Amino acid sequence: MVDTRSEGKAFAISKVLVWKAYLKVKANKGAAGIDGQSLADFAEDEKNNLYKIWNRMSSGSYFPPPVKAVEIPKAGGKGVRVLGVPTVADRIAQTVVTMILEPVVEPVFHPDSYGYRPGRSALDAVETCKQRCWKHAWVIDLDIQGFFDNVPHEPIMRAVAHHTDLPWVLLYVQRWLTAPIQQSDGTLTARDRGTPQGSAISPLLSNLFMHYAFDEWMRRTQDGMTFERYCDDAIVHCFSEKQAHHLRNLIADRLRRFGLTLHPEKTRIVRAPRAQRERLACR
């Protein structure tokens, strides 16, 4: 696609940006959304399909279709996890906005945030955790219950607005957050909270929320405490059991302000004797 600007359009969005977003979506592959259009189907009329995305986004008339609910079994056979699968076109549009936001927020994110970030992995988090477990005898193993279903929208929008003043980015993030989910029986479920797992922009929005709700709060209020966070899961290192219980309660109170709760079974306080600490870090 030729790099022309959005002349005569409400928003200046580069066609090249849409093209680069498409290449990313192609590389990541993925299933069709509610329209049944696969990446191969999209490619059959690639030029026109990309033009439609650019034209609608540039004019402010892009409205995301509902995301398709897909159930996948959780590890260990303990229930199912519901993914929200956008259409191919919507994944491209979401990637356009992600490519605008990511370079702005990445330098701000906490060094101990590892999930869904370029150049970082779960193995990096495990290695850091392993080293810290040799120095701290106690850890809080945190899990937020139903995070992707319950994360509030208003703090996410505040965080996005803090990092960009581009009106089209704010407009489309708001529309994606509130796009309904289509269940397997065809019914639509409206959303006033949550950001579906499976969408292209959800990992970035989740990290933005957790950066201010958890990472920055820990930095400001718990000086010297170390942690590793992978999206909504975290390990917090403590010097004593008493400190761990106290901090767990503080974190629970902090999350409760956003309507979120710690999972009562998955959140644990664990002692890590020297002989066991490496096994804990590698669980």
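Preceding this paragraph is the structure being described.
Described in the following lines is the structure provided in the data block.

Let us now look at helix H9 (residues 202-221). Here H9 contains 20 residues, and its C-alpha end-to-end distance of 27 Å stays within 8% of the 28 Å for a straight helix at 1.5 Å per residue. Bending of H9 peaks at approximately 45° at the position of His211. Burial of H9 is extensive: 15 of the 20 residues sit out of reach of the surface.

The four strands lie next to each other as S6-S7-S3-S8, forming an open sheet whose pairing is antiparallel. Single-partner strands in this sheet number two, and they are strand S6 (227-230) and strand S8 (268-271). Strand-to-strand twist in this sheet, taken as the mean axis angle between neighbours without regard to direction, amounts to 15°. Note: strand S3 (residues 138-143) against S8, four bridges, orientation antiparallel. Across the sheet, residue Trp138 finds its bridge partner in S8, namely Arg271. Along the sheet, helix H5 (residues 122-133) makes contact with S3, S6 and strand S7 (233-238), crossing S6 at roughly 160°.

Evaluated as defined, the whole model comprises ten aromatic pairs. Within the aromatic cluster, the residues linked to one another by ring pairs are Phe147, Phe148, Phe209 and Phe258. Over the ring of Trp54 we find Lys15, and its NZ or CZ is 4.5 Å from the ring centre.

Before going further, it helps to examine the side chain of His237. Tracing the sequence through the fold places His237 in strand S7. A relative accessible area of 1% means that His237 is categorised as buried. Engagement of the side chain of His237 in a polar contact is seen with the side chain of Glu228, the distance being 2.8 Å.

The next point concerns the environment of Phe63. Looking at the secondary structure, you find Phe63 in the loop between helix H3 (46-59) and strand S1 (67-73). Each C-alpha atom, one on Phe63 and one on Pro103, is 25 Å from the other, the two residues being 40 residues apart in sequence.

Bringing the packing of helix H7 (residues 153-163) against helix H8 (residues 167-178) into the picture now. In the contact formed by H7 and H8, the axes pass within 10 Å of each other and the chain directions differ by 160°. One way to sum up the angle between H7 and H8 is to call them roughly antiparallel. Between H7 and H8 lies a crossing of right-handed hand. Each of His153, Ile156, Met157, Val160 and Ala161 in H7 lies in contact with H8, whose residues at this interface are Val169, Leu170, Val173, Gln174, Leu177 and Thr178. The residue makeup of the contact of H7 with H8, split by class, is eight nonpolar, three polar and no charged.

Analysis parameters
Residues numbered from 1 in each chain as written. Predicted model: local features only at pLDDT ≥ 70, side-chain atom pairs only at ≥ 80, totals over all residues. Heavy atoms only, no water. Helix = DSSP H or I, 4+ residues; strand = E, 2+ residues; numbered from the N terminus. Expected span 1.5 Å × (residues − 1). Bend = angle between axes of the 7 residues up to and from the residue. Buried < 20%, exposed > 50% of the residue type's maximum accessible area, 1.4 Å probe, protein only. Pairing = 2+ DSSP bridges. Axes fitted to C-alpha atoms, helices over the stretch in contact; angles between N-to-C directions. Contact = heavy atoms within 4.5 Å. Phe/Tyr/Trp six-rings, centres within 6.5 Å; stacked < 30°, edge-to-face > 60°. Lys NZ or Arg CZ within 6 Å of the ring centre and 35° of its normal. Polar contact = N/O pair within 3.5 Å; in protein donor to acceptor, adjacent residues only side chain to side chain. Parallel < 35°, antiparallel > 145°, perpendicular 65-115°, else oblique. Left-handed = near helix turned anticlockwise from the far one by under 90°. Nonpolar A, V, L, I, M, F, W, Y, C, P; charged D, E, K, R; others polar.

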